[in-house]
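Take a look at the letters that make up each chain.
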Amino acid sequence: MAADASVPTLASRIPRPSIAGAVGGIVLLLAVALLLKNLTVSPSRFFEVTLIGITTGCVYALVALGYTLVYGILELINFAHGDVFMLGGMFTITYATHLFGLHSGQGAVTIPIIFATLLITMLTCGLLNASIEFIAYRPLRHAPRLAPLITAIGVSFILQDIGLAWKGSNFITAPDVLPNSDLFAFKGVNYGWSKFIVVGITLPVLLALLWLVQRTRQGKAMRATAQDKDAAAIMGINVNRTISFTFLIAGALAGAAGLCYALYVTTVRFDQGFQLGLIAFTAAVLGGIGNLPGAVLGAILIGLIQSWNEGLPWHMPGSDWTQSIVFSILILILVFRPEGLLGERTPEGG
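Calculation rules
- Residues numbered from 1 in each chain as written.
- Predicted model: local features only at pLDDT ≥ 70, side-chain atom pairs only at ≥ 80, totals over all residues.
- Heavy atoms only, no water.
- Phe/Tyr/Trp six-rings, centres within 6.5 Å; stacked < 30°, edge-to-face > 60°.
- Helix = DSSP H or I, 4+ residues; strand = E, 2+ residues; numbered from the N terminus.
- Buried < 20%, exposed > 50% of the residue type's maximum accessible area, 1.4 Å probe, protein only.
- Salt bridge = Lys/Arg side-chain N within 4 Å of Asp/Glu carboxyl O.
- Pairing = 2+ DSSP bridges.
- Core = buried A, V, L, I, M, F, W, Y, C linked by side-chain atoms within 4.5 Å.
- Contact = heavy atoms within 4.5 Å.

Trainee: Would you mind showing me how to read the packing of aromatic side chains here?
Mentor: The description of an aromatic ring pair rests on the distance of the ring centres and on the angle between the ring planes. Per the stated rule, a full pass over the model turns up 10 aromatic pairs. Judged by centre distance (5.5 Å) and plane angle (75 degrees), the rings of phenylalanine 85 and tyrosine 261 are edge-to-face. With phenylalanine 85 in helix 4 (residues 81-99) and tyrosine 261 in helix 10 (residues 239-265), the pair connects residues that are 176 residues apart, well separated along the chain. With a relative accessible area of 3%, phenylalanine 85 lands in the buried category. Look at tyrosine 261 and you get buried, because its relative accessible area is 17%. Centre to centre, the rings of phenylalanine 91 and tyrosine 95 are 6.0 Å apart; their planes meet at 15 degrees, and the pair counts as stacked. Placement of both phenylalanine 91 and tyrosine 95 in helix 4 is noted, with a separation of four residues, approximately one turn of the helix. In this pair, the class of phenylalanine 91 matches that of tyrosine 95, namely buried. In textbook terms, an aromatic cluster arises when at least three aromatic residues are bridged by ring pairs, as seen for Phe46, Phe47 and Trp308.

Trainee: So what exactly am I meant to see when it comes to the pattern of salt bridges here?
Mentor: Opposite charge on two side chains allows them to pair when their charged atoms are near. As enumerated under the stated definition, the model contains five salt bridges in all. Its salt-bridge partner being glutamate 75, residue arginine 145 comes within 2.6 Å of it at the nearest N-O pair. You can see arginine 145 sitting in the loop between helix 5 (110-137) and helix 6 (146-167) and its partner glutamate 75 sitting in the loop between helix 3 (43-74) and helix 4, a full 70 residues away along the chain. Judged by relative accessible area, which is 38%, glutamate 75 ranks as partly exposed.

Trainee: Explanation requested: the pairing of strand 3 (residues 189-192) in the structure shown.
Mentor: Here is the key point about a regular strand: its side chains alternate between the two faces of the sheet. Bridge analysis of strand 2 (residues 182-186) against strand 3 gives four bridges, and the strand direction is antiparallel. Opposite aspartate 182, over in strand 3, you have glycine 192 as the bridge partner. Linking strand 2 to strand 3, which pair antiparallel, is a turn of two residues; within it lysine 187 sits at a positive phi near 50 degrees.

Trainee: Please clarify how the nonpolar core should be interpreted in this entry.
Mentor: Proteins that are soluble and globular tend to have nonpolar side chains buried together. Formed by 81 residues in total, the largest nonpolar core has its most connected members in Leu62, Leu69, Tyr137, Val268 and Ile302. Broken down by element, the residue count for this core peaks at 15 residues, all from helix 10. Those residues within four positions of valine 268 in sequence are excluded, and the remaining contacts are Met86, Gly89, Met90, Ile93, Asn170, Phe171, Ile172, Tyr261 and Ala262. Leu35, Leu304, Trp308 and Met316 belong to the second largest nonpolar core, which has seven residues in total.

In structure tokens form, the structure reads like this:
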């Protein structure tokens, strides 16, 4: 009996290995081997650097979630988001020192001051981001996609110039108020209170965001608007208000990230938002831009990669290569898996 030509054969159903996939697999195996070698050379150093990477990834996650929220609802890459984060750091230092008089050695009163500064900074950055959407992006809602993208880059430079005019070209310093003692020390692995506090601020904010998007009426409106704006409007959802609310939440996340960064690193400068914003954008793309858990996963991975590269002792490229490695990951993801690790393949995404 002759075989039906329309029925796919076993060979046609099995995907053929590609040269790019083989090269990527080899690179991944080499990276894993390098990490395992560092683990055997200095186990305590490896685990301590890993904890630092998770802490850094938590800060990146707050910024990356802002990117992914805006992209999910408008399919807009808001390049100004990193500069809102930068201003969040400046707002944190200004509010904490000038409004609340925060300085080192204040004891237990530091906790309510940080909490109050967090709320005010999140509100300020949220309103700033919503204002940017109303002034710069809403009039271009139905314009070609290139127009709002160029506008976002322009807004980014405007915010940088605002930071430059406000605080100058030098680093501004936040008071070192986070405790420098160790939360625990186990077989040479030390984890300080300052890192734990950053994670302690980040996790509740992330959980609150997931609850807002998945469990509340406003979150349902956000998801409906992201899926189909016209259908959402027919069902009675105020699309403009929902989009503004999304920008408000994204800005609030950038403000929380700015506070964590300012208190953890203790220095902020006007041009840091663009650089860190691109790293957070890479994290969002790595995890699957438009996917909230994916943004968190991508941010943690980028934080770990950065920390391993800069902190492990055995034959790592070092801090001079961190940005090259991060943006090489961005290029590879865009070329070979544009939907990211947890994203879904769409006609627009490949």
